[in-house]
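# Residue-level structure breakdown
Okay, here's what each chain looks like letter by letter:
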Amino acid sequence: MGSFVFTEAEPGFIAFAYIGWQPPRCLDLKAVLLRQPGRSGGVGAEVADVPVPEIAPGELLVEMMACGLCGTDVEKIRGEYTASLPILGHEAVGVVAQVGEGALDFRKGDRVFPHHHVPCHQCYYCLHGDETLCKEYRRSNIHPGGFSEYFRVPAWNVGKGGVLRLPQGIGFAEASLIEPAACCVRALDKCSVGESDVALVVGAGPVGVLHAILLGQRGARVMVSDVSEGRLRLAERLGIENLVDAKAVDVSEGVRKLSEGRGADIAIVAAGSPQAVKQAAGAVRPGGKVCMFGVPPKGSMMDIDASELYNSGLTIVTSYGATEKDVTSALDAIGRSRDRFSQVVTHSFPIARFDEAMGVATSGSGLKVVITP
Ligand SMILES: [Zn+2]
Ligand SMILES: [Zn+2]
């Protein structure tokens, strides 16, 4: 039997506690969740015990095997990202643990990539090729997120073709690159990169090197710039040629050398800073394209001379997210260069060591950081 006592939890507050009381034993999985607003400690993430999600008809319960830590997760944790629901982890792959009634295409034990955002395929935006701008796209998600031992995939995602079965032979760490690589594929398709195009990638982080590998597969001549020597060294190990240290070298001059003095046909900005966009604009040839891929912080402004922009015939292309078509192409691309893609993952940490994973991801001392159960 327990006994009642008064405890002083916080100055000025008397808490009433029943000693001997135990929490109900339904808290049985670990997940990294965003700290709720108003909780002590401010914004951030925490490893929490949450109940195993219950699934409804048409849904899947997936046991997570790997989930990449994305730059947007870092932004969400810092309270800087507001583009979609505040759910952490969207690059998850795993094994189907339970199949909801009626989800006939899947079996327990299937190795899958469940896409967190799935469009409706019917609205004006979907029918005009802008599926990632569909209202339903950002509304859909996996629960409680990808950094969870188990997560629920809603019937919407399952029914609309958002769950991809992984072929034999692809490892979970490589497969966790499907989502970020699919976003890159979409951006490159939007820019219609052609064979022998000269492409500049601004930023040698995980997404920058994914772009470089995919551009190489398409036959483009690639140059990657970064201000971090460490990241350039890591990119070098992946066999990426033409790496430039943007602190020491004028990037636009370097690109001109590679393109008979013209400038790049396309520059991909794999960084969120408006300065990087400006730098990219200065490095492309007249009539070239700048792709804004990295997510700029809310409210950040860009100062570009409008008359120069007009006279240079430049096209600015933005790209957000990926569709199932992009996901399929990404899986195919990973399959064609497995060695190189697998080297993009430089670190992995279990859920319980999420803080360390954040440390590596924000220090730039590695490329892709992956969370495992
Ligand atoms: Zn991502
Ligand atoms: Zn739609």
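These numbers come from a predicted model, not from an experiment.

Our focus in this paragraph is the overall build of the protein. Each helix and strand counted, the protein has 14 helices and 17 strands in total. Sequence separation of at least 24 residues holds for 65% of the intrachain contacts in the protein that already meet a minimum separation of 6.

How two helices sit against one another is set out by the angle between their axes and by the gap between those axes. Two numbers describe how helix H6 (residues 178-190) lies on helix H12 (residues 324-336): the axes approach to 8 Å, and their chain directions differ by 110 degrees. With respect to each other, H6 and H12 are oriented roughly perpendicular. Along the contact surface, H6 presents Ile178, Ala181, Ala182, Val185 and Arg186, while H12 presents Asp326, Val327, Ser329, Ala330, Leu331, Ala333 and Ile334.

Now for the nonpolar core. Formed by 105 residues in total, the largest nonpolar core has its most connected members in Ala181, Ala199, Ala267, Ile268, Val269 and Ala280. No other element matches H6, which puts eight residues into this core. If you count residues domain by domain, this core takes at least three from each of domain 1 (29-182 + 322-372) and domain 2 (192-318). Non-local contacts of alanine 267, meaning those with residues more than four positions away in its chain, are made with Leu200, Val202, Ala280, Ala283, Val284 and Val290.

Right, let's get into the packing of H6 against helix H7 (residues 206-217). In the contact formed by H6 and H7, the axes pass within 10 Å of each other and the chain directions differ by 55 degrees. The angle between H6 and H7 falls in the class oblique. Here the hand of the crossing between H6 and H7 comes out right-handed. Taking contact as the criterion, the partners of Pro180, Ala181, Cys184, Val185 and Leu188 in H6 are, on H7, Pro206, Val207, Leu210, His211, Leu214 and Leu215.

The next subject is H7. Taking 1.5 Å of rise per residue, the twelve residues of H7 would be expected to cover 16 Å, and the 17 Å separating its terminal C-alpha atoms lies within 8% of that figure. Within H7, ten of the twelve residues are buried, which leaves it mostly tucked inside the rest of the structure. Looking only at H7, the buried set comprises Pro206, Val207, Gly208, Val209, Leu210, His211, Ala212, Ile213, Leu214 and Leu215. Immediately downstream of H7, the backbone of glycine 219 shows phi near 85 degrees, a positive value.

On to the confidence of the model for the protein. Averaged over every residue, the pLDDT of the protein is 90; residues scoring 70 or more account for 90%. With pLDDT under 50 throughout, residues 1-25 is counted as low confidence; its partners more than four residues away or in other chains account for 16 contacts.

Procedures and definitions
Residues numbered from 1 in each chain as written. Chains lettered and ligands numbered in written order. Predicted model: local features only at pLDDT ≥ 70, side-chain atom pairs only at ≥ 80, totals over all residues. Helix = DSSP H or I, 4+ residues; strand = E, 2+ residues; numbered from the N terminus. Contact = placed C-beta atoms within 7 Å. Axes fitted to C-alpha atoms, helices over the stretch in contact; angles between N-to-C directions. Parallel < 35°, antiparallel > 145°, perpendicular 65-115°, else oblique. Core = buried A, V, L, I, M, F, W, Y, C linked by C-beta atoms within 7 Å. Buried ≥ 20, exposed ≤ 12 C-beta atoms within 10 Å, placed from the backbone. Domains from an automatic or database assignment. Left-handed = near helix turned anticlockwise from the far one by under 90°. Expected span 1.5 Å × (residues − 1). pLDDT = per-residue confidence, 0-100.

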